[in-house]
Amino acid sequence: MDQTTDIKIVSRDVHVYYGENEAIKGVSLEIEDNTVTAFIGPSGCGKSTFLRCLNRMNDTIDVCRVTGDIELDGHDIYAREIDPVQLRARVGMVFQKPNPFPKSIYDNVAYGPRIHGLADSKADLDAIVEHSLRRAAIWDEVKDRLDAPGTGLSGGQQQRLCIARAIATAPEVLLMDEPCSALDPIATAQVEELIHELRENYAVVIVTHSMQQAARVSQKTAFFHLGLVLEYDETGKIFTNPDHEKTQQYITGRFG
Ligand SMILES: Nc1ncnc2c1ncn2[C@@H]1O[C@H](COP(=O)(O)OP(=O)(O)OP(=O)(O)O)[C@@H](O)[C@H]1O
């Protein structure tokens, strides 16, 4: 069997500054396609900051400055000709708190395809909306009320709607910043199951505070500490036999 995995994103010597504060201090990492990669590490070590570099969400923070290289399929995402809005359609993001637009369920999902001109007709758009909601494992729950407001759904449903919204622009990468932290255990299990399935089509990168979640959903894990990646390996290795003492201390709950 062919064991080679395509590399989707490469970062080289990435540094991130908020004003004078250096939050990321030289991170080089290769993120594989069709793989769930977990970012773990103590609070404030830079996981979200680094995640936001991967689709240039940090551009929206005035004091934030990024140096180094990040390539998606071999192309520099910080190159002058790259439109960050187009980039974010290819590298979608799901946030900690479900944040549906104050629009109908249908329009939440249709929004991205509309602004990116991905549908030629109403039938096309309907098909994209249905496909995205099915892919996000929420179609059966909402198909009879597509005109109802997205904000009226339960927290877990809202998060799956946000995942459907991210999928609707046909991204290649999905970034998830603690996507289950506002969800109850049942909704968390549904989203974790979904993450597992999404790996078939996307490179998924998830920031999580839950060791159990990282162990359950990811194949690769990066351990962040004080703005550096101290260890990056197969998830099984990180959780059973890490190379670094700090990783061992963190996964066994001795700090963080
Ligand atoms: N918008 C911002 N403006 C200024 N400093 C920021 C901003 N966002 C993050 N920082 C700082 O950057 C550092 C890394 O924060 P970041 O949120 O990336 O860490 P994290 O590992 O994701 O933390 P947590 O697990 O608590 O979410 C911290 O020192 C934080 O205070």
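Here, residues in each chain are numbered from 1, in the same order as that chain's written sequence. Local features are withheld for residues below a pLDDT of 70 in this predicted model, meaning they are given only at 70 or higher, and side-chain atom pairs are given and counted only at 80 or more; totals for whole chains, interfaces and linings count all residues. The side-chain figures draw on all heavy atoms in the structure; neither hydrogens nor water molecules are used.

(A) How the structure looks around the packing of helix H3 (residues 105–115) against helix H6 (residues 155–167). The angle between two axes is taken between their N-to-C directions and runs from 0 to 180 degrees, where each axis is a line fitted to C-alpha atoms and a helix contributes only its stretch in contact. Here a strand is any run of E in DSSP of at least two residues, a helix any run of H or I of at least four, and the numbering for each starts at the N terminus. Relative orientation of the contacting elements H3 and H6 amounts to 30°, with a least axis distance of 7 Å. In terms of orientation, H3 lies roughly parallel with respect to H6. The way H3 lies across H6 gives a crossing that is right-handed. Of the residues in H6, those in contact with Ile105, Asn108 and Val109 of H3 are Leu161, Ala164 and Arg165. Residue composition of the contact of H3 with H6, grouped by class: four nonpolar, one polar and one charged. Orientation labels follow simple angle bins: below 35 degrees gives roughly parallel, above 145 gives roughly antiparallel, 65 to 115 gives roughly perpendicular, and whatever is left gives oblique. Two helices crossing with the near one rotated counterclockwise from the far one by less than a right angle form a left-handed crossing, whereas a clockwise rotation gives a right-handed crossing. Contacts are assigned to residue pairs with any non-hydrogen atoms lying within 4.5 Å of each other. Gly counts as polar in this scheme, as do all residues outside two lists: the nonpolar Ala, Val, Leu, Ile, Met, Phe, Trp, Tyr, Cys and Pro, and the charged Asp, Glu, Lys and Arg.

(B) Summary view of the sheet that holds strand S6 (residues 91–94). Note on pairing: DSSP must find at least two bridges between two strands before they are called paired. Strand order in the open sheet made by the six strands is S6-S7-S8-S3-S9-S10, with mixed pairing throughout. Where the open sheet ends on each side, the last strands, each with one partner, are S6 and strand S10 (228–234). Across the sheet, the mean angle from the axis of one strand to that of its neighbour is 20°, orientation sign disregarded. Note that strand S3 (residues 36–40) and strand S8 (residues 203–207) share four bridges and pair parallel. Looking across to S8, one finds that Ala38 is bridged to Ile206. Lying on the sheet, H6 is in contact with S6 and strand S7 (173–177); it crosses S6 at an angle near 170°.

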